[in-house]
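# Chains, contacts and geometry: an overview
The lines below spell out each chain.
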Amino acid sequence: MPPESENPGTEAPIPIGTGALDADLGIGPDGAGVVEAAPGEAGPGGGPWAVAWRRLRRNKVALFSLAVFLLIVICCLLAPVWANQVAHTGPNTTHTLEKLHVGGEVREVVEPSGKAIGPQWFEAGGKFFLGADGHLGRDEMVRLLYGGRSSLFIGIVAALITTILAVTFALLAGYYGGWPDTIISRAMDVIWAFPVVLLGISLGIVLAVGGLVIGPIHLKSSSLWIPTLIIGVVYTPYMARPLRGEILALREKEFIEAAIAQGASGFRIMFVELLPNLLSTIIVFFTLNIANNMLLEAVLSYLGAGVQPPSSSWGTMISEGFQALYSQPILTIIPGTAILLTVLSVNVFGDGLRDALDPKSKVRFEARAGTAAEMDNPI
Amino acid sequence: MKKLPNFLLIAALVAVLAAGLAACGGGGSSSGKPTTSEGGGAGAEGKEGGTLKGAYTSFPDYMDPQISYTAEGWTAMRPVYIPLLTYKHAEGEEGAEIIPGLAKELPKITNGDKTYTMFLRKGLKYSNGEEIKAGDFKYAVERCFLTNSGGSPFYTDIAGAEQFAKTKKGGISGIKVNESTGEIVINLMKPQGTFPNTLALMFVAPIPQKTPAEDQSAHPIPASGPYYLTKSEPGRGWEYERNPYWAKDNGKQLTEIPSGHVDKIEIEVLRNQSTQVNDVESGKLNWIFDPPPTDRYTEVKEKFEGTQFRPEPTISTYYFWMNETVEPFSNQKVREAVNYAVDPAALERIYTGQIKGTQQILPPGMPGYEKFELFPHNVKKAKELIAESGIKDKEVTVWTDSESPNNDAGTYYQGLLNEIGLKAELKILNPDNYFTVIGNRSTPNLDTGFSDWFEDFPHPNDFFDILLNGESIQNTNNQNFSQTNVPELNKKIDKLAEEQLGPQQEKEYAELDKEFMEHAAWAPYGTRTLSLFVSSNINLETAIWNPTFETELTSLEFKE
């Protein structure tokens, strides 16, 4: 256990070391961007990561959020177990005309009026735990778990895509400057000029009809990769621009000049010298990006441009539930609550992570509704 | 069909009424507040005057008689534009009877059923006071072609029409008019048994010849009917008032066409159907065009049936088409398997009781309809047929639109195809462009999907010729989605199309229905029930639902 801070309200500078990990916290060899640590954090055996971890451990809310998020992920990963062992049905299996035997009583899964059976909890052995999803009589709980897999897959993988693209473009544009910077920055501006949702809908609708064919790669319109790629691409400028700004500042530092003087190649400078300095920012962006991606997925799916039916995602479930909003609001509330909990937990954890990795940074990722990402204090 | 399936789909309806809100200006003694639903007993006396307030979920495709081809448009313009012939303002079979409209009497048919002669009534006027002339009819037909109306194919059998369609110049030589006598002579290239029906469509309602040959949805054309449009704002709504020349001139001669009860009608576009229901319940609206949303249909039906709500059967068929030109549906066993697998009972539930199960092309109520059931629901048999066909795990694409519950029907169908041994992928499109996409033969993977068809006119040819005749297959705007092309059946359709409908023809159409289903051209699953929902101060008893035009706005009246 690290010693408790005598004065948690004050932060002392972390001693500057050498090597990449120093840079992880936004610390340049010249000491610029020094991250302050609480007293006692920087013991002889405490590297920057250990310092960050100690800070994070003190943030109980962030850790609780992480636990909630991990719990949701685990539940969703166990969807096939629930479907096969408990509900005995698949996420797309319809039960329109079936009857359910509950405690000697026979209930129709879908009434002639079209109203679906409500939550049965464990009364029917786990079948229709959250009820059925409307006229088709699909098991709402099974669809919720499978839908969570889709939403989480899109949120996390799209964040990875955004990160890879944004870091690559930011390094090329920021380090080389000149025409590579001009081309990349203007391309980013073009994407940035479109409201995220509008661009996502446009791409989603186009690809929802014919799928995506790039050379030998053929993605069907129903593929989860299509909304994933769309979301990953449309958010790229919102991460690439602040990273580029950070690189522009970093490349003027002495350690970069020293690397150049020693004959280091551009590749080495970008990926060995600059990239480690960006790591804390990237990690924070990545985390917050997951939450934004899940929200955008929900919006696109709600509007029919994301995950394609009959596959479920929390967005498609809200869309389907909306058709029965008046008579069965629970069909909208359940996936809505799932999105709320997941996005909230990721965001709170992301904030905690940012505080731990770089307490002075004010990185904000606010790409929704076309608001630009902002880096108040790039370095 | 009032084609546009997506619009059609919607066509539900109603009749209205307005609480004779004082603001309505209507006469009398209305309290300014609607009465409760209990207050309106059956057979309540109606009163004249008042302002009827109604709502549509979307603006009609066009508010232009020559161009509109949707139930929304036809219902809206029925009291405004009157063709030479028209359908009786009545329900059921009586509503399918063709009566003289602006023409003095039904046409005299001569020259081997190729020449139609009629006389325009004398002294008729448009709502702007201009005299209605025989040449206005000719211009209306020509304007169909000039505006590339979806209804123009109905008139290509008129001599010179095809040439005019190409050149857009010189007029249609097959239509001769005599302005002094009002005589109108139409010469056809070949006999056409449905021609009287097409003369009764809105497409050829006479309009002033100075009307521009472009969409006039925002600039209402002068009316010949009991009401005229005082305002039309696409996307927002439109309003009617009584045609000042109806009572003094037109109405005296066109006695079979009702003059209407209310003085004004105001229609607004209200996207939220649940809000529409709430507004009718509260009396803010008197009538809504679309049926209550599926989410509230049962509630409304249980609460208001008989007092403010009435289910209305339509002459329509909902079906899954299967593209016969590509595998696996080029194999008849696969098509039969699909017919065995589809369960109309399940689809009735998906449509919350708003369809009645059927497994044939012609719907009940259509001349020539004779009930039969070739493919009783049997999934086991379906699987056996798929096995016999030798086709397994073949990838197919299922198309449907996103309108509820068509989207659910598509999802059900996709699951069913997977269950019997195919690998189906679902594509759900926006209803605004669904039929454009599946009507374009170059669209990839047009394998199978949802469609529906509501009658344009009460003649079985309206179902067979457009939807199943191989000669009607087009590269774009195609309606023969299954691309069915059976030469011997094409010949039968063509032969019957030239004959006037009679008992013998009806029998032959019934046989044709069975032959197409033996061929398993489609997997039909139901005929749609729409509804009439009005506020408590509207007289439901006197509201008329016409099988072609749905709610007769002229029949809506406030209770005393």
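Residues numbered from 1 in each chain as written. Chains lettered and ligands numbered in written order. Predicted model: local features only at pLDDT ≥ 70, side-chain atom pairs only at ≥ 80, totals over all residues.

What follows is about helix H7 (residues 196-210) of chain A. Residue and element names in this part refer to chain A. Taking 1.5 Å as the rise per residue, H7 with 15 residues should run 21 Å; its terminal C-alpha atoms sit 22 Å apart, in good agreement. The complete set of buried residues in H7 reads Val196, Gly200, Leu203, Gly204, Leu207 and Ala208. Projected onto a plane normal to the axis of H7, the buried residues spread over an arc of 135 degrees and lie on a single side. Summarising the contacts, the buried residues of H7 are in contact with strand E5 (212-214), helix H8 (225-234) and helix H11 (266-302). Gly211 sits one or two positions beyond H7 and adopts a positive phi of about 75 degrees. (Helix = DSSP H or I, 4+ residues; strand = E, 2+ residues; numbered from the N terminus. Expected span 1.5 Å × (residues − 1). Buried ≥ 20, exposed ≤ 12 C-beta atoms within 10 Å, placed from the backbone. Arc of directions from axis to C-beta. Contact = placed C-beta atoms within 7 Å.)

Moving on to the environment of Asp61 of chain B. Note on placement: Asp61 of chain B falls in the loop between strand E2 (51-56) and helix H2 (71-77). Distance from Asp61 of chain B to Glu72 of chain B, taken between C-alpha atoms, is 7.7 Å for residues 11 residues apart in sequence.

What follows covers the environment of Trp246 of chain B. Residue and element names in this part refer to chain B. Relative to the assigned elements, Trp246 resides in helix H6 (residues 244-253). Taking the C-beta count within 10 Å as the criterion, Trp246 has 24 such neighbours and is therefore assigned buried. The sequence separation of Trp246 and Leu84 amounts to 162 residues, and the corresponding C-alpha distance is 16 Å. Contacts of Trp246, omitting those with residues within four sequence positions, involve Pro226, Gly251 and Ser259.

Turning to the interface of chain B and chain A, a few remarks are in order. With 25 residues of chain B at the interface, the matching set in chain A holds 24 residues. Listed by contribution, the elements that provide at least two residues to the side of chain B that touches chain A are helix H8 (294-304), helix H10 (344-350), helix H12 (406-420) and strand E17 (423-429) of chain B. At 6 residues, the largest contribution of residues to the side of chain B that touches chain A is made by H12 of chain B. For the side of chain B that touches chain A, a count of residues per class yields 8 nonpolar, 11 polar and 6 charged. (Nonpolar A, V, L, I, M, F, W, Y, C, P; charged D, E, K, R; others polar.)

Let us now look at the sheet that holds strand E6 (residues 115-119) of chain B. Strand-to-strand pairing in sheets goes through backbone hydrogen bonds, with the strands running parallel or antiparallel. Residues and elements named next belong to chain B. Judged by pairing direction, the sheet is antiparallel, and its 4 strands sit side by side in the order E5-E6-E8-E7 without closing on themselves. Lying at the two open borders of the sheet, with one neighbouring strand each, are strand E5 (108-110) and strand E7 (175-178). On average, adjacent strands in this sheet sit at an angle of 15 degrees to one another, irrespective of strand direction. Note: E7 against strand E8 (residues 183-187), 4 bridges, orientation antiparallel. Each residue of the ladder has a partner; that of Val177, found in E8, is Ile184. Set on the sheet, helix H3 (residues 134-146) makes contact with E7 and E8; between it and E7 the angle comes to about 160 degrees. (Pairing = 2+ DSSP bridges. Axes fitted to C-alpha atoms, helices over the stretch in contact; angles between N-to-C directions.)

Attention shifts here to the sheet that holds strand E10 (residues 237-242) of chain B. The mixed open sheet is built from 5 strands, whose spatial order is E9-E10-E11-E2-E12 (chain B). A strand with exactly one partner marks an edge of an open sheet, and here the two such strands are strand E9 (227-233) and strand E12 (287-288) of chain B.

Here we come to the nonpolar core. Residues Val204, Phe320 and Ala337 of chain B are the most contacted members of the largest nonpolar core, which totals 151 residues. Other than its neighbours up to four places away in sequence, Phe320 of chain B contacts Val338, Val342, Tyr413, Thr448, Gly449, Phe450, Trp522, Ala523 and Tyr525 of chain B. Among the nonpolar cores identified, the runner-up in size contains 89 residues, and Trp82, Leu229, Leu243 and Leu278 of chain A belong to it. (Core = buried A, V, L, I, M, F, W, Y, C linked by C-beta atoms within 7 Å.)

Right, let's get into the confidence of the model for chain A. Averaged over every residue, the pLDDT of chain A is 84; the share at 70 or more is 83%. Overall, residues 1-42 of chain A carries pLDDT values under 50, and its contacts beyond four positions in sequence, including any with other chains, amount to 83 contacts. (pLDDT = per-residue confidence, 0-100.)

A separate point is the packing of H11 of chain A against helix H13 (residues 330-357) of chain A. Residue and element names in this part refer to chain A. Relative orientation of the contacting elements H11 and H13 amounts to 165 degrees, with a least axis distance of 9 Å. The orientation of H11 relative to H13 falls into the category roughly antiparallel. Considering how the two elements wind past one another, H11 and H13 form a crossing that is left-handed. Counted together, Ser280, Ile283, Val284, Thr287, Leu288, Ile290, Ala291, Met294, Leu295 and Ala298 of H11 and Ile339, Thr342, Val343, Val346, Asn347, Phe349, Gly350, Leu353, Arg354 and Leu357 of H13 form the full contact between these two elements. (Parallel < 35°, antiparallel > 145°, perpendicular 65-115°, else oblique. Left-handed = near helix turned anticlockwise from the far one by under 90°.)

This brings us to unusual backbone geometry. All names here are of chain B. Cis geometry marks the peptide bond from Glu327 to Pro328; its omega dihedral reads 5 degrees. Within the secondary structure, Pro328 is located in the loop between strand E14 (316-322) and helix H9 (332-341). Residue Pro405 follows Ser404 across a cis peptide bond; omega there is 0 degrees. With respect to the helices and strands, Pro405 occurs in the loop between strand E16 (395-401) and H12. Residues other than glycine seldom take positive phi values, yet Asp393 does so here, at roughly 55 degrees. Along the chain, Asp393 falls in the loop between helix H11 (379-389) and E16. Classification of Asp393 as exposed rests on a count of 9 C-beta atoms within 10 Å.

Bringing the packing of helix H3 (residues 60-77) of chain A against helix H5 (residues 140-176) of chain A into the picture now. All names here are of chain A. Running from N to C, H3 and H5 point in directions that differ by 120 degrees, and their axes come no closer than 8 Å. With respect to their mutual orientation, H3 and H5 come out oblique. Taken as a pair, H3 and H5 cross one another with a handedness that is left-handed. In contact with Ile72, Val73, Cys75 and Cys76 of H3, H5 contributes Leu145, Gly148, Arg149 and Leu152. Across the contact of H3 with H5, the residue classes tally to 6 nonpolar, 1 polar and 1 charged.

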